[in-house]
Amino acid sequence: MKKALRALLALLVLAGAAVAGGAPATADGGPRGERSTDIADRLRAVPGLRLVEEEPVDGHRFLVLEYRQPVDHRRPWKGTFQQRLTVLHKGENRPTVFHTSGYGLGTGPARSEPARLLDGNQVSMEYRFFASSRPRPADWSKLDIWQGASDQHRIFRALRRVYGGTWISTGTSKGGMAAVYYRRFYPRDMDGTVAYVAPNDVIDAEDSAYDDFFANVGPEECRDRLNAVQREVFLRREELVARYEERTRAAGGTFEVVGGADRAFESAGLDLVWAWWQYNGEWQCPWIPEPSADTGELYDFLDETADLSFYTDQGLDYYTPYHYQAGTELGSPSFGTPHLAGLLRHPDVHRPRSRVPREIPMRFHKWAMDDIDWWVRTRAERMLFVYGENDPWSAERFRTDPGCADCHVLVAPAAHHGANIGMLAEDDRATATGALLEWAGLGTGDTGRPGTQRAEPYAPLAPYDARLDRPDPAERRMMRP
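Each chain has its residues counted from 1, following the order in which its sequence is written. Only residues with pLDDT of at least 70 get local features here, since the model is predicted, and only at 80 or more are side-chain atom pairs given and counted; chain-wide, interface and lining totals rely on the full set of residues. No hydrogens and no water enter the side-chain calculation; it runs on all heavy atoms of the structure.

## Some thoughts on the overall build of the protein
Counting its secondary structure elements, the protein contains 13 helices and nine strands. In this scheme, a residue with accessible area under 20% of its type's maximum is buried, one over 50% is exposed, and one in between is partly exposed, where area comes from a 1.4 Å probe on protein chains only. Per-residue burial over the protein gives 59% buried out of 481 residues. Any two residues whose heavy atoms approach within 4.5 Å are treated as being in contact. Pairs at least 24 residues apart make up 73% of the contacts formed inside the protein by residues separated by at least 6 positions. Areas reported as accessible are Shrake-Rupley estimates using a 1.4 Å probe. Residue values count occlusion only from the protein chains shown. For the protein, the exposed area adds up to about 20000 Å²; of that, 52% sits on carbon and sulfur atoms. For helices the rule is a DSSP run of H or I covering at least 4 residues; for strands it is a run of E covering at least 2, with both sets numbered from the N terminus onward.

Given below as structure tokens:
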């Protein structure tokens with residue numbers, strides 16, 4: 001009896017905002033008595049969905065929304081929060097791409113590569129506990145990959161009445177990981193998944209893939225230059241820490257979470273080589289300073305590459321949910337630095353626990369990624385993984401067995417953490433594009449779920465649009481070791 005009452009209460013709570021901000025509506029999405037064809041009206045009519053604002057975009061409609069979600073999908077009567085999402089609307093007869101960065105959400109239009117290639121709609125979700133999508137008060141135990149996947153599942157179920165065609169999930173880096181986790185827990189929702197540069201840390205303590213990566217990435221001369229300047233940064237620790245602390249204090253910054261300026265400096269110094277390869281190409285190797293450079297030049301190089309503000313309390317605050325997840329389920333990379341022997345002081349500074357406020361409890365669940373890896377290799381279907389050859393995060397990647405039907409793992413030559421389908425070699429690009437078109441119902445076959453509306457015939461890929469296809473600011477600093 002108690003369970004039945006709780007279930008009824010949960011339904012009432014989640015349905016409470018059925019038509020907030022709009023006229024009374026029928027279940028088919030229009031004002032009572034007639035079915036509205038306006039996309040804003042149809043979205044307003046979705047139970048629990050609130051239209052915040054709309055921005056006109058040539059050839060599209062761009063809408064910012066909030067959706068009422070349960071804090072705990074297992075116990076929805078325990079409270080709700082407002083999760084931010086956006087819709088870039090092209091047409092109800094187009095495929096829909098479900099995108100998340102795995103972090104916060106930019107409120108300006110930014111089209112993912114699959115949305116461009118398919119000339120489709122895009123629904124973008126802010127990941128729970130980031131920015132404005134954080135429950136108040138925050139029960140951090142409710143931040144896990146299943147709860148995040150369940151957020152996506154409820155949004156898909158809610159918007160399916162508006163966008164009845166094929167759906168493709170996607171994301172980059174942590175967003176790519178989230179797209180995979182969503183498919184694992186709700187494998188029938190999406191018609192396909194494109195995951196970009198998504199790491200797969202199956203065994204957190206086994207990180208030899210990163211040592212192999214740093215021993216072989218790029219030209220040897222470039223690796224040697226980076227190692228030499230990194231060592232010099234630590235040899236001049238006292239001067240650089242003093243400068244770092246002075247500038248941070250002057251800007252109003254603090255170091256409470258990481259435990260002081262010296263610890264923050266060591267963390268940034270350790271990230272230097274990683275961050276350089278994450279965002280730079282081989283052609284930039286000649287710009288790496290020599291160890292003989294003056295201290296000001298070394299400081300600027302460290303700041304420009306690793307972003308010293310990231311390690312302050314103010315910089316870490318936004319990323320607290322990521323570091324929490326890294327320390328509870330996702331895992332985090334470790335790598336050897338023999339060229340820094342005798343120069344490091346804080347052996348724990350690179351662990352996620354050092355970047356999360358101590359009042360937030362953390363416990364690592366070591367089987368979470370093993371389960372994901374097993375499912376991808378043996379049960380998944382219609383999955384495309386795109387990696388960058390020179391991206392550190394691509395060193396420990398998803399791999400597929402014959403049990404993963406219609407799956408592809410492709411690597412863009414010399415590409416960094418911004419690798420995409422357009423950077424693949426010609427044959428791989430054709431494979432990736434062909435698979436995406438087929439999954440979206442735009443190819444020669446039709447692999448969409450039974451009952452989906454097939455899109456209009458469509459042959460050419462949508463052209464690049466400088467306004468819509470720039471990187472989302474929410475994804476600029478993705479994944480820090």
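## Some points on the packing of aromatic side chains
Side-chain rings of Phe, Tyr and Trp (the six-membered ring for Trp) are treated as a pair once their centres are within 6.5 Å; stacked means planes under 30 degrees apart, edge-to-face means over 60, and tilted covers the remaining angles. This model, assessed by the stated rule, comprises 24 aromatic pairs. Centre to centre, the rings of Tyr103 and Tyr322 are 6.1 Å apart; their planes meet at 50°, and the pair counts as tilted. Taken together, the residues span a long stretch of sequence, with Tyr103 in the loop between strand 4 (96-99) and helix 3 (113-118) and Tyr322 in helix 11 (residues 313-330) at a distance of 219 residues. The two residues Tyr103 and Tyr322 agree in class, both being buried. Between Trp276 and Trp277 the ring centres are 4.9 Å apart and the planes differ by 85°, which places this aromatic pair in the edge-to-face class. The two residues Trp276 and Trp277 agree in class, both being buried. Lysine and arginine charges are scored as sitting over a ring when NZ or CZ, respectively, is within 6 Å of the ring centre and within 35 degrees of the ring normal. Geometry around Tyr387 places Arg397 over its ring, the cationic atom sitting 5.4 Å from the centre.

## Topic: the pattern of salt bridges
A pair is scored as a salt bridge if a Lys or Arg side-chain nitrogen falls within 4 Å of a carboxyl oxygen belonging to Asp or Glu. One pass over the structure, following the stated rule, counts 23 salt bridges. A salt bridge links Glu54 to Arg61, with the nearest nitrogen and oxygen atoms 2.3 Å apart. Of the charged contacts, one joins Arg377 and Asp401 as a salt bridge, the two residues approaching to 3.0 Å between their closest N and O atoms. In this pair, Arg377 sits in helix 12 (residues 368-378) while Asp401 sits in the loop between strand 8 (381-388) and strand 9 (405-412), placing the two residues 24 residues apart along the sequence.

## Considering the nonpolar core
Grouped together as the largest cluster of nonpolar side chains are 100 residues, with contacts concentrated most on Leu43, Phe98, Leu159 and Val180. Top contributing element to this core by residue count: helix 9 (residues 261-279), with 10 residues. The contacts of Leu43, once residues within four sequence positions are left out, are Leu49, Leu63, Leu65, Val87, Leu159 and Val162. Here the nonpolar core consists of buried residues drawn from Ala, Val, Leu, Ile, Met, Phe, Trp, Tyr and Cys, with membership extended through side-chain atoms lying within 4.5 Å. Counting residues in hydrophobic clusters, the runner-up holds 23 residues, among them Ala115, Val197, Val386 and Ala432.

## Describing the pairing of strand 4
Because side chains alternate across strand 4, one face comprises the buried residues Thr96 and Phe98, and the other comprises Val97 and His99, equally buried. Sheet topology places strand 4 next to strand 6 (residues 167-172); four bridges connect them, and they run parallel. For Val97, the partnering residue across the bridge sits in strand 6 and is Ile168. Only when DSSP finds a minimum of two bridges between them are two strands counted as paired.

## Remarks on the side chain of Glu113
Inspection of the secondary structure assignment puts Glu113 in helix 3. At 4.3 Å, Arg116 is the nearest oppositely charged side chain to Glu113, a buried residue that forms no salt bridge. The sign given to each residue is positive for Lys and Arg and negative for Asp and Glu; His and the chain ends receive no count.

## Overview of unusual backbone geometry
Note: most peptide bonds trans; most residues except glycine with negative phi. In this structure, the amide linkage connecting Arg136 to the following residue, Pro137, adopts the cis form with an omega of -5°. By secondary structure assignment, the location of Pro137 is in the loop between strand 5 (121-125) and helix 4 (145-159). At Asp119, a position not held by glycine, the phi torsion is positive, near 50°. Owing to a relative accessible area of 14%, Asp119 belongs among the buried residues under this scheme. In this structure, Asp307 is a non-glycine residue whose phi angle is positive, near 65°. Structurally, Asp307 can be placed in the loop between helix 10 (295-306) and helix 11.

## Here's the deal with the pairing of strand 5
Burial analysis of strand 5 places five of its five residues in the buried class, which makes it a mostly covered element. Burial along strand 5 is two-sided: Asn121, Val123 and Met125 and Gln122 and Ser124, pointing in opposite directions, are all buried. Where strand 3 (residues 80-89) lies against strand 5, four bridges are found, and the strand directions are antiparallel. Counted as the bridge partner of Leu85 is Met125 from strand 5. Note: strand 4 against strand 5, four bridges, orientation parallel.

## Focus on the sheet that holds strand 8
Taken together, nine strands build an open sheet; the order of strands is 1-2-3-5-4-6-7-8-9 and the sheet is mixed. Each having just a single partner strand, strand 1 (49-57) and strand 9 make up the two edges of the open sheet. Neighbour-to-neighbour, the strand axes of this sheet turn through a mean angle of 20°, independent of strand direction. Looking at chain direction, strand 8 and strand 9 are connected through seven bridges and run parallel. Counterpart to Tyr387 in the pairing with strand 9 is Val411. Axis geometry follows a simple rule: fit a line to the C-alpha atoms, using only the stretch in contact for helices, then measure angles between N-to-C directions, giving values from 0 to 180 degrees. Sitting on the sheet, helix 4 touches strand 1, strand 2 (60-70), strand 3, strand 4, strand 5 and strand 6, and the angle it makes with strand 2 is about 125°.

## Focus: the state of the cysteines
A pair of sulfur atoms, both from cysteines and within 2.5 Å, is called a disulfide here. Summed over the entire model, instances satisfying the criterion amount to two disulfides. Shown here is the disulfide that connects Cys222 with Cys285, its sulfur atoms set 2.0 Å apart. A torsion of -90° about the S-S bond marks the disulfide between Cys222 and Cys285 as left-handed. Taken together, the residues Cys222 in helix 7 (residues 220-235) and Cys285 in the loop between helix 9 and helix 10 connect sequence positions 63 residues apart. For the pair Cys222 and Cys285, one class covers both residues: buried. For Cys404, the disulfide goes to Cys407, at an S-S distance of 1.9 Å. The sign of the -70° torsion about the S-S bond sets the Cys404-Cys407 disulfide as left-handed.

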